[in-house]
Amino acid sequence: MHEAVPLNPWVALAYLIAGVCFIVALRGLSSPATSRRGNRFGMAGMLIAVVTTLVTHEIASLPEILGAIAIGGGFGWIVARKIKMTDMPQLVAGFHSLVGLAAVLVGVAAYLNPEAFGIVFPAGSPDAGLILPVSRIELGLGVAIGAITFSGSVIAFLKLNGNMGGAPIMLPGRHVINLGTLAAILGLIAFLTVELRAPDWVFWTVLVLSFVIGFLLIIPIGGADMPVVVSMLNSYSGWAAAAMGFTLGNTAMIITGALVGSSGAILSYIMCRAMNRSFISVIAGGFGGDSGGGAAAAATDRPWKRGSAEDAAFLMSQAEQVIIVPGYGMAVAQAQHVLREMADKLKEHGVRVKYAIHPVAGRMPGHMNVLLAEANVPYDEVFELEDINSEFSQTDVAFIIGANDVVNPAAKTDKSSPIYGMPVFDVNKAKTVLFIKRSMGGVGYAGVDNDVFYQDNTMMLLADAKKMVEEIVKSLD
């Protein structure tokens, strides 16, 4: 039985403090230097919100609550301990799906037993026992957004984890299908709101169609655009939580959901700008699949130069400045620690070392920043694209480790390329380009070949990223 205790000033103050903690947490996460402090504020705010809610609501017995916390906390602890950094995008997508599913379950519970949630007309009213119109809107939107988040996150997880192909799955007339389904969902929610005695099938149809549209929105999106999808689903999960916060009458949940939803939307917009994508087309789905370009095998018959670890060590030790561009290949090889060791060796030789991080490097926003921070790379050596791109023309060596699409000049020169228009690093302007990749037969996540491989000033270092950097470190001694 859910009986809310009237909100008193102390409860309101506790929720306000929790909200402030969440805002400070977001501010702290804006910089690697303050990210740990931001996380601590977020944890403190969530603790305050949860304890306040448990104290002021008769939700369940204390043993049941503690048991649920133990199960969830234990599962989270095990996952956090065992998850690899390369699998972090899949984990984030999985967590988003759980948030969406939680919103759906709360909405279903509220619809089936509205009296327990206090969202019905009072006794004595002609409509006594029926769900209030405003609560019907909250329920409909919360369940719809939650279901879209759940099914969309599941598809994103499968694509990121390799269980589904990264290529877009293009359904005939998909935009008409998507818009028609969304219109049907909104129409049914409107009908559910104005018709207080609407049959139950209306609510369940909204739920089913929302699960379907989440699936339809994500399958047309190519693997190269997954970082934006992860950010977008993060926003959806926040709005779903906020909608359920209105249903539950929980101020902290509303604040938290609104913060997650708005920050996720802003991040999605920033990511879209970084990839030269339309924000509206992201929401519509299939924004990565209309390009005339497509997956292409690497053109290994073109002339290219192969170098060794000794060659790379000599060139970098003689340089004045080296700019390192890490990518997902570095994450897969877990090469961040030995990369920092290489940078330390170069600095001993008097070389100035900088790291260039693309907004969509890796499989999720901030992936490379986290990996470099894990290896204790100094924050003042890490630069974003707009801050360092102009320096490549005055740089002796551009050292590319596991990146491809973010340094591909086709984004500027080939209008048929699926990455055309995406801002990329101008590594081809450096005096020498050292490019680590496993083989010449592979291509980037977007599936397009890279002309940088075949430039006269490029030396290909074909090997596992970690092993190659280890050999370079030995040669620098």
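Scroll up for the structure.
Attention in this report is confined to the structure presented alongside it. (Residues numbered from 1 in each chain as written. Predicted model: local features only at pLDDT ≥ 70, side-chain atom pairs only at ≥ 80, totals over all residues. Heavy atoms only, no water.)

### A few points about a nonpolar patch on the surface
Then, number 1: There is a patch of nonpolar side chains on the surface, built from Trp10, Leu13, Leu16, Ile17, Val20, Val24 and Phe41 and spanning about 670 Å² of accessible area.
Then, number 2: It is helix 1 (residues 9-28) that provides the largest number of residues to the nonpolar patch, a total of six residues.
Then, number 3: The topology assignment puts tryptophan 10 in helix 1.
Then, number 4: Tryptophan 10 sits in the exposed class, given a relative accessible area of 69%. (Patch = residues over 30% accessible without salt bridge, like charges linked within 9 Å, V, L, I, M, F, W, Y side chains within 5 Å. Areas by Shrake-Rupley, 256 points an atom, 1.4 Å probe, with all protein chains shown as cover. Salt bridge = Lys/Arg side-chain N within 4 Å of Asp/Glu carboxyl O. Helix = DSSP H or I, 4+ residues; strand = E, 2+ residues; numbered from the N terminus. Buried < 20%, exposed > 50% of the residue type's maximum accessible area, 1.4 Å probe, protein only.)

### Some details on the pattern of salt bridges
Then, number 1: This structure, assessed with the given rule, holds 11 salt bridges.
Then, number 2: Taking the shortest distance from any N to any O, the salt bridge between aspartate 344 and arginine 340 comes out at 2.7 Å. Here arginine 340 and aspartate 344 lie together in helix 14 (residues 336-348), a separation of four residues that amounts to about one turn.
Then, number 3: Its relative accessible area of 26% is what places aspartate 344 among the partly exposed residues.
Then, number 4: Across the pair aspartate 426 and lysine 412 runs a salt bridge whose closest N-O atoms are separated by 2.5 Å. In this pair, aspartate 426 sits in the loop between helix 17 (410-413) and strand 5 (432-437) while lysine 412 sits in helix 17, placing the two residues 14 residues apart along the sequence.
Then, number 5: Residue classification places aspartate 426 among the buried residues on the basis of a relative accessible area of 10%.

### Considerations on helix 7 (residues 174-194)
Then, number 1: Between its first and last C-alpha, helix 7 extends 30 Å over 21 residues, near the 30 Å set by a 1.5 Å rise per residue.
Then, number 2: Among the residues of helix 7, those classed as buried are Arg174, Asn178, Thr181, Ile185, Leu188, Ile189, Leu192 and Thr193. Axial view of helix 7: buried residues confined to an arc of 145°, hence all on one face. Turned more than 90 degrees off the buried face of helix 7, the exposed positions are Val176, Leu179, Leu186 and Val194. (Expected span 1.5 Å × (residues − 1). Arc of directions from axis to C-beta.)

### Considering helix 9 (residues 226-248)
Then, number 1: When the terminal C-alpha atoms of helix 9 are compared, their 33 Å separation across 23 residues agrees well with the 33 Å that a helix rising 1.5 Å per residue should span.
Then, number 2: With 19 of 23 residues buried, helix 9 is to be regarded as a mostly interior element.
Then, number 3: One or two positions beyond helix 9, positive phi appears at glycine 249, with a value near 65°.

### So, the sheet that holds strand 5
Then, number 1: One open sheet accounts for six strands, arranged 3-2-1-4-5-6; its pairing is parallel. At either end of the open sheet lies a strand with only one pairing partner, and these are strand 3 (382-384) and strand 6 (458-462). Within this sheet the neighbouring strands show an average axis-to-axis angle of 25°, counted without direction.
Then, number 2: Sheet topology places strand 1 (residues 321-326) next to strand 4 (residues 397-401); five bridges connect them, and they run parallel. Residue pairing across strands places isoleucine 323 opposite alanine 398, the latter belonging to strand 4.
Then, number 3: Of the strands in this sheet, strand 1, strand 2 (352-357) and strand 4 are in contact with helix 14, which crosses strand 2 at around 145°. (Pairing = 2+ DSSP bridges. Axes fitted to C-alpha atoms, helices over the stretch in contact; angles between N-to-C directions. Contact = heavy atoms within 4.5 Å.)

### Comments concerning the packing of aromatic side chains
Then, number 1: Applying the stated criterion across every chain, the model contains seven aromatic pairs.
Then, number 2: Taken together, a centroid distance of 5.9 Å and an interplanar angle of 75° make the contact between phenylalanine 453 and tyrosine 454 edge-to-face.
Then, number 3: You can call phenylalanine 453 buried: its relative accessible area is 0%.
Then, number 4: Owing to a relative accessible area of 9%, tyrosine 454 belongs among the buried residues under this scheme.
Then, number 5: Here a set of aromatic residues connected by ring pairs shows up, and it is made of Tyr111, Phe203 and Trp204.
Then, number 6: The side chain of lysine 354 reaches across the aromatic face of phenylalanine 383, ending 5.1 Å from its centre. (Phe/Tyr/Trp six-rings, centres within 6.5 Å; stacked < 30°, edge-to-face > 60°. Lys NZ or Arg CZ within 6 Å of the ring centre and 35° of its normal.)

### A closer look at the pairing of strand 6
Then, number 1: For strand 6, the tally of buried residues reaches five of five residues, placing the bulk of the element in the interior.
Then, number 2: Burial along strand 6 is two-sided: the residues Thr458, Met460 and Leu462 and Met459 and Leu461 are all buried.
Then, number 3: In the sheet, strand 5 pairs with strand 6 via five bridges, with the strands oriented parallel. When the bridges of strand 6 are listed, valine 433 appears paired with threonine 458.

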